[in-house]
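Understanding the architecture of this molecule
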Amino acid sequence: MSSTATAEDTRPDPDDSLGVLVASHAGEVLATLGIAAEAALATAALAASAQLGDDPHHDAGRLFECSPPAAAGEPVRRFIAMRLQDRARQVILLRPAGRDAALFDFIGAVPFAGAILDHFITNPYQAITVADRAGHMRFISPVHERFLGLRTGEGTGRPAGQVIPNSRLAQVAASGKAEIGQLQTMNGVTRVVNRIPISAGGEVVGAIGQILFKEPEAIGRMHREMTRLRSQLAQTRRALDELREQQAGPGLLIGDSAPMQRLRREIDTVARLDVPVLILGESGTGKELVARAIHGASRAAEGKPLVSLNLAALPATLIESELFGHVAGAFTGSQRGGQAGKLEQAAGGTLFLDEVADIPMEMQVKLLRVLEDHMVERLGSRQSQRVDFRLVAATNRDIQALIDGGRFRLDLYYRLSGVVLRIPALGQRREDIPALLAHFVRGFCARNQVAVPEVGPEVARYLAERRWPGNVRQLRQKIEEALVFCDSRVLRAADFARGEENMAAFSVSEPALTFGAVPEDMPEATPDEGATDAAVASPADLREVAHEAVLQAIARHGGNKKRAAAQLGISRSHLYKILERGPRG
Ligand SMILES: Nc1ncnc2c1ncn2[C@@H]1O[C@H](COP(=O)(O)OP(=O)(O)OP(=O)(O)O)[C@@H](O)[C@H]1O
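Residue positions are given per chain, counted from 1 along the sequence in the order it is written. Only residues with pLDDT of at least 70 are given local features in this predicted model, and only at 80 or more are side-chain atom pairs given and counted; all residues enter the totals for whole chains, interfaces and linings. Neither water nor hydrogens contribute to the side-chain values; these are computed over all heavy atoms in the structure.

1. Section: the overall build of the protein chain
Test applied: Helix and strand definitions follow DSSP, with helices as H or I runs of at least four residues and strands as E runs of at least two, each counted in order from the N terminus. Exposed residues in this analysis have more than 50% of their type's maximum accessible area, buried residues have under 20%, and partly exposed residues fall in between, with area computed by a 1.4 Å probe over protein chains only. A 1.4 Å probe and the Shrake-Rupley method give the accessible areas. Residues count as covered only by the protein chains that appear here.
Across its full length, the protein chain holds 20 helices and 21 strands. A total of 585 residues make up the protein chain; the buried ones form 42% of that total. As displayed, the protein chain offers around 31500 Å² of accessible surface, 51% of which is attributable to carbon and sulfur atoms.

Structure follows, in structure tokens:
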């Protein structure tokens with residue numbers, strides 16, 4: 001250590017990057033260390049320090065810049081200095097500033113730079129944390145230390161995850177990828193945090209965390225609202241796709257079995273006639289599809305609406321206002337400007353009364369009357385108007401039994417059943433199953449924008465072997481469920497049998513199985529024929545869907561994985577497997 005700075009002092013060892021200069025307030029150098037031994041630098045530092053003056057607010061330390069005069073042709077060397085002082089002397093710490101140091105410019109340009117940095121470190125509304133590349137804590141704002149119940153510096157040097165609950169600073173320092181606007185729950189409180197990797201010399205050297213203490217609830221609310229809207233959008237998209245599918249008409253009535261061919265011919269015939277049609281068939285056999293097909297094939301109804309009303313489970317009063325509409329103020333809660341009922345809305349088109357056998361007795365008379373004279377009077381109005389529409393009704397009930405039991409009016413039955421179309425149950429046309437399988441696989445993959453998987457040759461036979469009390473609707477639901485949870489790029493019979501025993505038997509390597517009810521020449525389902533390479537299953541795609549379905553089920557059940565697994569019809573270990581492998585695993 002030298003005691004004075006003189007002109008002949010040599011430049012310090014170039015490896016030295018720090019210097020300490022101790023001087024009196026009058027500028028007399030008392031001691032130097034490291035780069036401060038260079039007389040020109042010490043002189044420049046003391047001159048710059050004198051410029052700062054004595055500000056009682058900065059007793060804690062003052063940052064400033066200084067540059068010794070450069071020899072001709074040499075670049076200007078810039079140093080960052082920090083001054084600490086007491087009544088007797090000042091101590092100045094010196095460090096060269098990098099050429100591109102914005103910090104240097106900041107300190108040079110802002111006389112209260114130190115106060116600003118101090119503010120960032122002690123800001124009560126936004127704490128910061130710093131971890132090094134190894135993920136160990138280097139600094140935690142005092143306000144955050146208090147929140148975490150730590151004494152000053154207590155967390156320093158410890159792994160971030162041990163000090164801060166749910167910390168991801170170590171991961172960010174390791175990956176170099178920022179995480180912005182994330183919600184982090186610490187000690188039961190949710191905060192909004194940013195985690196940002198910090199680089200020096202082209203390398204990630206650590207990460208900082210910014211924790212917003214103010215109004216995280218507002219941001220949290222926005223986050224929840226966005227999540228809700230996203231899921232609503234996905235639901236709407238799905239509903240829209242289904243609607244499009246339904247409105248596409250008779251082409252989408254899949255199946256070439258003899259009963260289906262006959263049904264198609266009947267649809268073509270009745271569509272041309274002005275007669276009411278009653279569609280009978282078990283639940284899920286496609287009655288609504290047939291109603292749409294009739295409407296779609298009817299020339300008279302071209303461009304006109306098909307208006308549906310499901311009469312099951314609606315109380316009589318509601319059915320009446322739905323059918324006939326109402327005028328303004330007709331009843332409490334009525335629409336301000338009044339509203340047209342389904343009968344009016346269907347003018348010129350088709351009125352589809354689904355589950356017609358479930359209509360309450362007192363409404364049967366009113367329906368009968370309007371079907372006889374086609375005169376519609378809105379509730380609360382004395383004026384009636386004539387409305388013409390084609391009537392298609394459907395039921396899965398044994399309507400004859402209801403008539404015999406006095407629960408359905410015979411005269412209404414005659415009004416509804418100008419022509420009766422009977423839709424065969426799926427069990428009576430098992431040969432349609434391969435085509436339905438291919439159709440639902442394609443539809444599901446298109447809706448979810450995932451690649452179409454290959455369908456194992458045993459699948460159609462396996463499905464044809466099952467009982468389908470819920471008919472095509474149940475078949476569709478089972479196929480979609482299997483697609484969600486199928487584990488590989490090939491959809492296998494085993495994917496349909498989660499929770500069922502003995503599925504090992506249904507593998508391709510076991511071709512000797514017999515399928516009594518299945519015709520020998522039953523074609524096998526094939527993947528999308530028009531598809532190109534994209535049709536090759538990307539397991540990751542379906543895994544994403546499965547992962548999402550699992551997350552949603554867990555959320556629906558308040559985090560209870562056992563119940564989520566039960567609802568999805570998978571074992572708990574399968575659920576854990578899906579969670580573990582993640583959406584792209
Ligand atoms: N032949 C078919 N081709 C393609 N999809 C069909 C066929 N039959 C039924 N579906 C599908 O099965 C599901 C149920 O069909 P739909 O709602 O028409 O049945 P439904 O007989 O009216 O049922 P419910 O008696 O319960 O009202 C729908 O998703 C429909 O698209």
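2. Side note on the sheet that holds strand β9 (residues 189-200)
To be explicit about the condition: When DSSP finds two or more bridges between two strands, those strands count as paired. Angular values range over 0 to 180 degrees, each being the angle between N-to-C directions of two axes fitted as lines to C-alpha atoms, with helices fitted over their stretch in contact.
In spatial order, the strands read β7-β6-β10-β9-β8; together these five strands make up an open sheet with antiparallel pairing. Only two strands of the sheet have a single neighbouring strand rather than two, namely β7 (137-140) and β8 (179-186). Within the sheet, the average angular offset between the axes of one strand and its neighbour, ignoring direction, is 25°. As defined by bridge partners, β8 adjoins β9 across six bridges and the pair is classed as antiparallel. Note on β9: the bridge partner recorded for leucine 183 is valine 192.

3. Some remarks on helix α19 (residues 561-568)
Our working definition: Note that the arc is computed from the directions linking the helix axis to the C-beta atoms. Polar contacts here mean pairs of N or O atoms no more than 3.5 Å apart (in protein, one a potential hydrogen donor and the other a potential acceptor; neighbouring residues in sequence count only if both atoms are side-chain atoms).
Within α19, burial applies to Ala564, Ala565 and Leu568. The buried side chains of α19 occupy one side of the element, clustering within an arc of 100° when seen end-on. Opposite the buried face of α19, by more than 90 degrees, sit the exposed residues Lys562 and Ala566. The opening residue of α19, the one whose side-chain oxygen lies 3.0 Å from the backbone nitrogen of lysine 562, is asparagine 560.

4. Focus on the sheet that holds strand β4 (residues 79-85)
Quick reminder of the rule: Residues are treated as being in contact if the distance between any of their heavy atoms lies within 4.5 Å.
The strand order β2-β1-β5-β4-β3 describes an open sheet built from five strands, whose pairing is antiparallel. Either end of the sheet is taken by a strand with one partner, and the two such strands are β2 (29-34) and β3 (62-66). Between one strand axis and the next, the sheet turns through 20° on average, direction left out of account. Against the sheet, helix α1 (residues 39-52) contacts β1 (19-24), β2, β3, β4 and β5 (89-96), and its axis sits at roughly 130° relative to β3.

5. Comments concerning unusual backbone geometry
Its identity is not glycine, yet asparagine 166 carries a phi of approximately 60°, on the positive side. With respect to the helices and strands, the residue asparagine 166 is situated in the loop between α5 (160-163) and α6 (169-175). With a relative accessible area of 51%, asparagine 166 lands in the exposed category. You will see that asparagine 471, though not glycine, has its phi angle at about 55°, which is positive. Structurally, the position occupied by asparagine 471 is in helix α17 (residues 471-485). Residue asparagine 471 is classed as buried on the basis of its relative accessible area of 0%.

6. Observations regarding the packing of aromatic side chains
Aromatic rings considered in pairs are described by the distance between their centres and by the relative angle of their planes. Selection rule: Between the rings of Phe, Tyr and Trp (Trp by its six-membered ring), a pair exists once the centres lie within 6.5 Å; its type follows the angle of the planes, with under 30 degrees stacked, over 60 edge-to-face, and the other angles tilted. Any Lys NZ or Arg CZ found within 6 Å of a ring centre and within 35 degrees of that ring's normal is scored as a charge over the ring.
Summed over all chains, the structure comprises two aromatic pairs. Judged by centre distance (6.1 Å) and plane angle (50°), the rings of tyrosine 462 and phenylalanine 496 are tilted. On the criterion of sequence distance, the pair formed by tyrosine 462 in helix α16 (residues 459-465) and phenylalanine 496 in the loop between β21 (490-491) and α18 (539-556) is long-range, its members being 34 residues apart. The same class applies to tyrosine 462 as to phenylalanine 496, namely buried. Of note, arginine 191 hangs over the ring of phenylalanine 147, and the distance from its end group to the ring centre comes to 5.2 Å.

7. Considerations on the site of the ligand
Cut-off, in case you're wondering: Whether a residue is near a molecule or strand is decided by its heavy atoms; if any one of them lies within 4 Å of it, the residue is near. Ten residue types, Ala, Val, Leu, Ile, Met, Phe, Trp, Tyr, Cys and Pro, are classed as nonpolar, four, Asp, Glu, Lys and Arg, as charged, and the remainder, Gly among them, as polar.
Within the structure, the ligand sits among 20 residues, and Ile254, Ser283, Lys287, Arg473 and Arg476 are positioned closest to it. Arginine 476 is positioned such that a nitrogen or oxygen atom in its side chain is 2.8 Å from an oxygen atom of the ligand. Summarising the interface, the protein chains cover 91% of the accessible area of the ligand, which totals 630 Å² for the free molecule. Where the shell around the ligand is concerned, the elements lending two or more residues are α9 (287-297), α15 (433-447) and α17. Across the shell around the ligand, the residue classes tally to eight nonpolar, five polar and seven charged.

8. Looking at the packing of helix α8 (residues 258-272) against α9
Basically, it comes down to this: Each angle is binned into one of four classes, with values under 35 degrees roughly parallel, values over 145 roughly antiparallel, values of 65 to 115 roughly perpendicular, and all other values oblique. Crossing chirality is assigned from the near helix's rotation relative to the far helix, an anticlockwise turn below a right angle marking it left-handed and a clockwise turn marking it right-handed.
The contact between α8 and α9 brings their axes to 8 Å, and the two run at 45°. Compared by their axis directions, α8 and α9 come out oblique. In the packing of α8 onto α9, the handedness of the crossing is right-handed. Of the residues in α9, those touching α8 at Leu263, Ile267, Asp268, Val270 and Ala271 are Val290, Ala293, Ile294 and Ala297. Its residues assigned to classes, the contact of α8 with α9 shows eight nonpolar, no polar and one charged.

9. Focus: the environment of alanine 438
With respect to the helices, strands and loops of the structure, alanine 438 is situated in helix α15. Residue classification places alanine 438 among the buried positions, given a relative accessible area of 12%.

10. Here we look at the side chain of threonine 350
Among the secondary structure elements, threonine 350 is positioned in strand β15 (residues 350-354). Within the structure, the side chain of threonine 350 is placed 2.5 Å from the side chain of histidine 295, a separation counted as a polar contact.

11. Looking at the nonpolar core
Worth spelling out the cut-off: In this description, a nonpolar core means a group of buried Ala, Val, Leu, Ile, Met, Phe, Trp, Tyr and Cys residues linked to one another through side-chain atoms lying within 4.5 Å.
In this structure, Val441, Leu463, Leu475 and Ile479 are the most contacted members of the largest nonpolar core, which totals 42 residues. If you list the elements that add at least two residues to this core, you get α15, α16, α17, α18, α19 and α20 (572-581). In contact with leucine 463, other than residues within four places in its own chain, are Ile433, Leu437, Trp468, Leu475, Ile479 and Phe496. In terms of nonpolar packing, the next biggest core, distinct from the first, is built from 33 residues, Leu278, Ile319, Val376 and Ala393 among them.

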